[in-house]
Amino acid sequence: MKLWMTPEAAKKAVGGANETSTTRIGKDYLMTQTYGKDDFLSVDYRSNDCGKTYKISNFMVDYDFAKQSLTDIEKVVGKPDRSEKGSYVEEENGVKGKRIPTVMNEYGHLALNAEKINGKWDVVDIQYVR
């Protein structure tokens, strides 16, 4: 997968999409397709010619099932250019649970989201954006 690929080129590279949705945003059209087991790859295509020609504008790989540590990923991509910490409260069946620390790091064109579970930062997803 590369930025600016067409859906046809992406299909040749990784096979057919599991699911496709299309949305109009102002004059542009956005098409999102998911690929792979458990839809681990989500690809956004943009079109500024009324949906005639779509090109990849960003894609996201869901790492939640892979349980990759933030440390392991940073060995490959280096230290972030920008980092933003946050948190959320787990909730199950309307019952609030513990607070989960989160971090969103940016590395050039990569955006990474991670959660701290049992004292370890696990990567949830990585997005390639322009």
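We now turn to the structure provided with this report. All values reported here derive from a predicted model rather than from experimental measurement.

### A short note on unusual backbone geometry
Phase 1 of the analysis: For aspartate 38, which is not glycine, the phi dihedral falls at a positive 60°.
Phase 2 of the analysis: Considering the arrangement of structural elements, one finds aspartate 38 in the loop between β2 (28-35) and β3 (41-47).
Phase 3 of the analysis: For aspartate 39, which is not a glycine, the phi torsion comes out positive at approximately 50°.
Phase 4 of the analysis: Summarising the element assignment, aspartate 39 is placed in the loop between β2 and β3.
Phase 5 of the analysis: In this structure aspartate 39 comes out as partly exposed when scored by relative accessible area, which is 33%.

### So, the side chain of serine 47
Phase 1 of the analysis: Positionally, serine 47 belongs in strand β3.
Phase 2 of the analysis: Within the local environment of serine 47, its side chain forms a polar contact with the side chain of aspartate 49, the two groups lying 2.6 Å apart.
Phase 3 of the analysis: Within the structure, serine 47 has its side chain in polar contact with the backbone oxygen of threonine 53 (distance 3.0 Å).
Phase 4 of the analysis: Excluding residues within four positions of it along the chain, serine 47 makes contact with Lys27, Asp28, Tyr29, Lys52, Thr53 and Tyr54.

### Regarding the nonpolar core
Phase 1 of the analysis: If you look at the biggest cluster of nonpolar residues, it comprises 11 residues: Leu3, Met5, Ala10, Met31, Tyr35, Leu41, Val43, Tyr45, Tyr54, Ile56 and Phe59.
Phase 2 of the analysis: Of all the elements in the fold, those that place two or more residues in this core are β2, β3 and β4 (55-62).
Phase 3 of the analysis: The biggest single contributor to this core is β3, with 3 residues.
Phase 4 of the analysis: Membership of the second largest hydrophobic core comes to 8 residues, among which are Leu70, Leu112, Ala114 and Ile126.

### Here we look at the sheet that holds β4
Phase 1 of the analysis: As summarised here, the arrangement of the 8 strands in space is β1-β2-β3-β4-β8-β7-β6-β5, forming an open sheet in which the pairing is antiparallel. Among the strands making up the open sheet, the edge pair consists of β1 (19-25) and β5 (82-92). Mean inter-strand twist for the sheet, computed between neighbouring axes without regard to direction, equals 20°.
Phase 2 of the analysis: Relative to strand β6 (residues 95-107), β5 is paired through 10 bridges, and the arrangement is antiparallel. In the strand pairing of β6, serine 87 is matched with proline 101.
Phase 3 of the analysis: Each of β2 and β3 touches helix α1 (residues 7-14); the most contacted strand, β2, lies at about 10° to it.

Conventions adopted
- Residues numbered from 1 in each chain as written.
- Predicted model: local features only at pLDDT ≥ 70, side-chain atom pairs only at ≥ 80, totals over all residues.
- Heavy atoms only, no water.
- Helix = DSSP H or I, 4+ residues; strand = E, 2+ residues; numbered from the N terminus.
- Buried < 20%, exposed > 50% of the residue type's maximum accessible area, 1.4 Å probe, protein only.
- Polar contact = N/O pair within 3.5 Å; in protein donor to acceptor, adjacent residues only side chain to side chain.
- Contact = heavy atoms within 4.5 Å.
- Core = buried A, V, L, I, M, F, W, Y, C linked by side-chain atoms within 4.5 Å.
- Pairing = 2+ DSSP bridges.
- Axes fitted to C-alpha atoms, helices over the stretch in contact; angles between N-to-C directions.

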